[in-house]
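Here are the chains, one letter per residue:
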Amino acid sequence: MSKININFSNFEKILLAVILALILTIISVTIRAKSRQKNQSPEVLISQGKAVSLMAPANDSQVAYFELGRLRIITASEDKNAESSVLVISPWLAYPAGDTVFYEELSRKTPLIKGIFQTYFSSRSKNQLLEETEIKIEEALKLELNAQFSLGKISDIYLTDYIFIE
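How each quantity is defined
Residues numbered from 1 in each chain as written. Predicted model: local features only at pLDDT ≥ 70, side-chain atom pairs only at ≥ 80, totals over all residues. Heavy atoms only, no water. Helix = DSSP H or I, 4+ residues; strand = E, 2+ residues; numbered from the N terminus. Buried < 20%, exposed > 50% of the residue type's maximum accessible area, 1.4 Å probe, protein only. Contact = heavy atoms within 4.5 Å. Areas by Shrake-Rupley, 256 points an atom, 1.4 Å probe, with all protein chains shown as cover. Axes fitted to C-alpha atoms, helices over the stretch in contact; angles between N-to-C directions. Nonpolar A, V, L, I, M, F, W, Y, C, P; charged D, E, K, R; others polar. Expected span 1.5 Å × (residues − 1). Arc of directions from axis to C-beta. Phe/Tyr/Trp six-rings, centres within 6.5 Å; stacked < 30°, edge-to-face > 60°.

**Q** Explain the overall build of the chain here, please?
**A** Helices and strands together make up the secondary structure of the chain, namely six helices and four strands. For the chain, the N- to C-terminal ordering of α and β elements is α-α-β-β-β-α-α-α-α-β. Put simply, the chain has 166 residues, and 28% of those count as buried. Long-range pairs, those at least 24 residues apart, make up 71% of the contacts in the chain with a sequence separation of at least 6. Carbon and sulfur atoms make up 58% of the accessible area of the chain, which totals about 11,400 Å².

Printed below as a string of C-alpha cells:
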C-alpha cells in the first residue's frame, strides 16, 4: 500500500481557508435568514408595528382573520359561447378580539371557507357579480359562512381585492 502525500503551498493553504470561510459564511447567513422568515407572518408584522392592516375592522373589539390569502376564481360564463372571467379577491373576516377558540376554528376550517368563496363566485357570471352590490355579496357570504361555524360567528367580511381579469 502506498501513502499519498499531499503538500500544499502557502498560497494554496490560504486559498483553501478563504474558500472554507466563504462557504461557512453563506451557510450561516442562509440559516439566519430562514429562521427570521418564519416569524414574518402578517399578524406578527402588524403586532410589531412593522405593517398596517389596510382593511382592519374599525372597531377595536374586533380583529381580522386574513389568512385566506388571495383567491383566484373562474366565474360562470354568460352563455355557452362566452368566455369566463377570472376574479381575484382577498377576503378578510372580522371576529371578536381575543376569541382564540374561534380563531382556531377559523384556522381549521380555512379550506372550507375558501370553498364557500369559490362556490359563490364561480356560480355567478361577471355581469351578475357586477350588478350585485358589495354589501349584498358580503351579507350572503357572511350568512353562508356563519352557518358552518359552531364556536363563534364572523361579524363582517372585507374584500380588499375585487378584480376581474380577462
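**Q** Which parts of the structure should I look at to understand the packing of helix 3 (residues 100–108) against helix 4 (residues 110–122)?
**A** When two helices pack together, their arrangement is given by the angle between their axes and by how far apart the axes lie. Two elements in contact, helix 3 and helix 4, have axes whose closest approach is 4 Å; the angle formed by their N-to-C orientations is 65°. Contacts from Leu106, Ser107 and Arg108 in helix 3 reach Thr110, Pro111 and Ile113 in helix 4. Residues of the contact of helix 3 with helix 4, tallied by class, amount to three nonpolar, two polar and one charged.

**Q** Would you mind showing me how to read the side chain of lysine 109 here?
**A** Secondary-structure assignment places lysine 109 in the loop between helix 3 and helix 4. Taking relative accessible area as the criterion, lysine 109 reaches 19% and is therefore assigned buried. Look past the residues within four positions of lysine 109 in its chain and what remains in contact with it is Gln148, Phe149 and Ser150.

**Q** What is the right way to read the side chain of lysine 142 from this model?
**A** With respect to the secondary-structure elements, lysine 142 resides in helix 6 (residues 134–146). The contacts of lysine 142, once residues within four sequence positions are left out, are Ile154, Ser155, Asp156 and Ile157.

**Q** Sorry, what's going on with helix 4 here?
**A** Turn by turn, an α-helix covers 3.6 residues, leaving residues three or four places apart pointing in a common direction. When the terminal C-alpha atoms of helix 4 are compared, their 18 Å separation across 13 residues agrees well with the 18 Å that a helix rising 1.5 Å per residue should span. The complete set of buried residues in helix 4 reads Thr110, Ile113, Ile116, Phe117, Tyr120 and Phe121. Within helix 4, the buried residues cover an arc of 120° as seen down the axis, which keeps them to one side.

**Q** Honestly, the packing of aromatic side chains in this entry has me stumped. Any pointers?
**A** The way to describe two aromatic rings as a pair is by their centre distance and the angle between their planes. Scanning the model with the defined rule gives eight aromatic pairs in all. Ring centres 5.2 Å apart and planes at 90° place the aromatic pair phenylalanine 102 and phenylalanine 149 in the edge-to-face group. With a gap of 47 residues between them, phenylalanine 102 in helix 3 and phenylalanine 149 in the loop between helix 6 and strand 4 (156–165) connect regions that are remote in the sequence. A single burial state applies to phenylalanine 102 and to phenylalanine 149, both of which are buried.

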